[in-house]
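Residues per chain are reported as follows:
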Amino acid sequence: MRIFEPSLCSVTFRSLSPQVVIDLAVAKGIKAIEWGADIHVPSGDFDNARDVAERTAKAGLTVSSYGSYIFAPDYTPEDVTAVLETARTLGTGHIRIWPGHRKRPSTDYSQQERHMATQALANIARQAEDYGMTIGLEYHPNSLTDTLPSALQLAQDLTAPNLFFYWQPAPGLPLSDALKEIAALGPRICHLHVFAWLADASRLPLGERADFWRACLAALPESGWDKPAYAMLEFVRGDDVGQFADDAATLQQILCGS
């Protein structure tokens, strides 16, 4: 079974300051934080990124990745440069980006539009390679990774050695379908976003989906990703700090195989 360290996406607590997020992570045994560009570490604000990086390192945590809000092909080369420079300032060599236009399902693309998006992603991967950085594609509804066939087409078309995929289940995804996705995409999976949502997007304690996640982890094949891998808690029921404490403990039990 592949080894994942427990991590936290800062978007889980958008209303809290970076220091409070760091303190919560340390208190609950989290090893790393994926800092998001939406609130905590805006792209291009290098003073803030430097401060967050120093606070994170001082607490003994790793920056697992930089969660950008670049939607390919809706960006400029300058946007990507700002994200890469911000990630470097944060002290991470991995960036998460979104494949396709914002909130647009993969079935809505013409062949030409899909080609343009794929080329845009390839360009980002080349630009990241110049920085010695890797790219992870968000695996998410209303994107070019919202179905397994669409994600597999991207994997086939995007052969850059520094481009990988996150994985997370669509809300309410049956375990059988999750295992099919993992088996097919596993060799390109870098990190996981971990949560427990029903099909209507209502949230559950992670403990109610612990067996689901145990089965997913057990099914993950070996990957070409040769760096530390992280299972990142993303969102908790009610955005509640107490629920986060419970979910963090559950996550660690899952990752330890207990």
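Every chain is numbered independently, its residues counted from 1 as its sequence is written. Confidence filtering applies because this is a predicted model: local features only for residues at pLDDT of at least 70, side-chain atom pairs given and counted only at 80 or more, and all residues used for totals across whole chains, interfaces and linings. Here the side-chain values reflect all heavy atoms present in the structure, with hydrogen atoms and water set aside.

S.K.: For this particular structure, what's the right way to read the sheet that holds strand β2 (residues 32-36)?
M.R.: Within a beta sheet, neighbouring strands are joined by backbone hydrogen bonds and run either parallel or antiparallel to one another. For two strands to be treated as a pair, DSSP must find at least two bridges joining them. The helix count covers DSSP runs of H or I at least four residues long, the strand count covers runs of E at least two residues long, and both are numbered beginning at the N terminus. As summarised here, the arrangement of the eight strands in space is β1-β2-β3-β4-β5-β6-β7-β8, forming a closed barrel in which the pairing is parallel. When strand polarity is set aside, the average angle formed by the axes of neighbouring strands in this sheet is 30 degrees. Relative to strand β8 (residues 230-233), strand β7 (residues 189-194) is paired through three bridges, and the arrangement is parallel. Residue pairing for β8: L192 is matched across the bridge by A231. Contacts are assigned to residue pairs with any non-hydrogen atoms lying within 4.5 Å of each other. Here an axis means a line fitted to C-alpha atoms, over the contact stretch when the element is a helix, while the angle between two N-to-C directions is reported on a 0 to 180 degree scale. Contacts between helix α3 (residues 77-90) and the sheet are confined to β2, β3 (62-72) and β4 (94-99), with β3 contributing the most and set at about 170 degrees to the helix.

S.K.: Can you help me understand the state of the cysteines in this one?
M.R.: Covalent bonding between the sulfur atoms of two cysteines defines a disulfide. A pair of cysteine sulfur atoms is labelled a disulfide when the two atoms are within 2.5 Å. Taken as a whole and judged by the stated rule, the model has zero disulfides. There is no disulfide at C190, and the cysteine sulfur nearest it, in C9, is 12 Å away. We note that C216 lacks a disulfide partner, and the nearest cysteine sulfur, in C190, lies 16 Å from it.

S.K.: Could you clarify how one ought to interpret the packing of aromatic side chains in this entry?
M.R.: The way to describe two aromatic rings as a pair is by their centre distance and the angle between their planes. Aromatic pairing here means that ring centres of Phe, Tyr or Trp (its six-membered ring) are within 6.5 Å. Orientation follows from the plane angle: under 30 degrees is stacked, over 60 is edge-to-face, and everything else is tilted. Counted under the stated rule, the structure contains eight aromatic pairs. Note on F164 and W225: the rings are 5.0 Å apart at their centroids and 85 degrees apart in plane angle, and the pair reads as edge-to-face. Placement of F164 in strand β6 (residues 163-167) and of W225 in the loop between α7 (210-219) and β8 is noted, with a sequence separation of 61 residues between them. Summarising the burial analysis for this pair, F164 and W225 share the class buried. Taken together, the ring pairs in this structure connect Y69, F71 and W98 into an aromatic cluster. For a Lys NZ or an Arg CZ to count as sitting over a ring, it must be within 6 Å of the ring centre and within 35 degrees of the ring normal. Directly above the ring of Y109 sits R104, whose terminal nitrogen or CZ lies 4.5 Å from the centroid. Per-residue accessibility, obtained with a 1.4 Å probe over protein chains only, is compared with the maximum for each type, and a residue is labelled buried under 20%, exposed over 50%, and partly exposed between these values.

S.K.: Quick question: what am I supposed to make of the nonpolar core here?
M.R.: Within soluble globular proteins, side chains that are nonpolar tend to cluster in buried spots. In this description, a nonpolar core means a group of buried Ala, Val, Leu, Ile, Met, Phe, Trp, Tyr and Cys residues linked to one another through side-chain atoms lying within 4.5 Å. Grouped together as the largest cluster of nonpolar side chains are 84 residues, with contacts concentrated most on W35, L90, L137, W167, L192, W213 and F244. Here this core takes seven residues from helix α4 (residues 111-130), the largest share from any one element. Residues contacting W167, with those up to four places away along its chain left out, are Y139, L173, A178, E181, I182, I189, H191, L192, H193, F212, W213 and C216.

S.K.: Even after reading the chapter, I still don't get the packing of α4 against helix α5 (residues 148-157), so can you show me in this structure?
M.R.: Any two packed helices are characterised by the angle at which their axes cross and by the distance between the axes. It is at 11 Å that the axes of α4 and α5 come closest, and there the two elements cross at 55 degrees. What the angle tells us is that α4 and α5 run oblique. The handedness of the crossing between α4 and α5 comes out as right-handed. Contacts between α4 and α5 involve R114, T118 and L121 from the first element and S150, Q153, L154 and D157 from the second. Here the residues of the contact of α4 with α5 are counted per class, giving two nonpolar, three polar and two charged. To sort the angles, those under 35 degrees are grouped as roughly parallel, those over 145 as roughly antiparallel, those from 65 to 115 as roughly perpendicular, and the leftovers as oblique. Take the far helix as the reference: if the near one is turned anticlockwise from it by less than a right angle, the crossing is left-handed, and if turned clockwise, right-handed. Residue type decides the class: Asp, Glu, Lys and Arg count as charged, Ala, Val, Leu, Ile, Met, Phe, Trp, Tyr, Cys and Pro as nonpolar, and the leftover types, Gly among them, as polar.

Coordinates in, geometry out; function isn't part of it.
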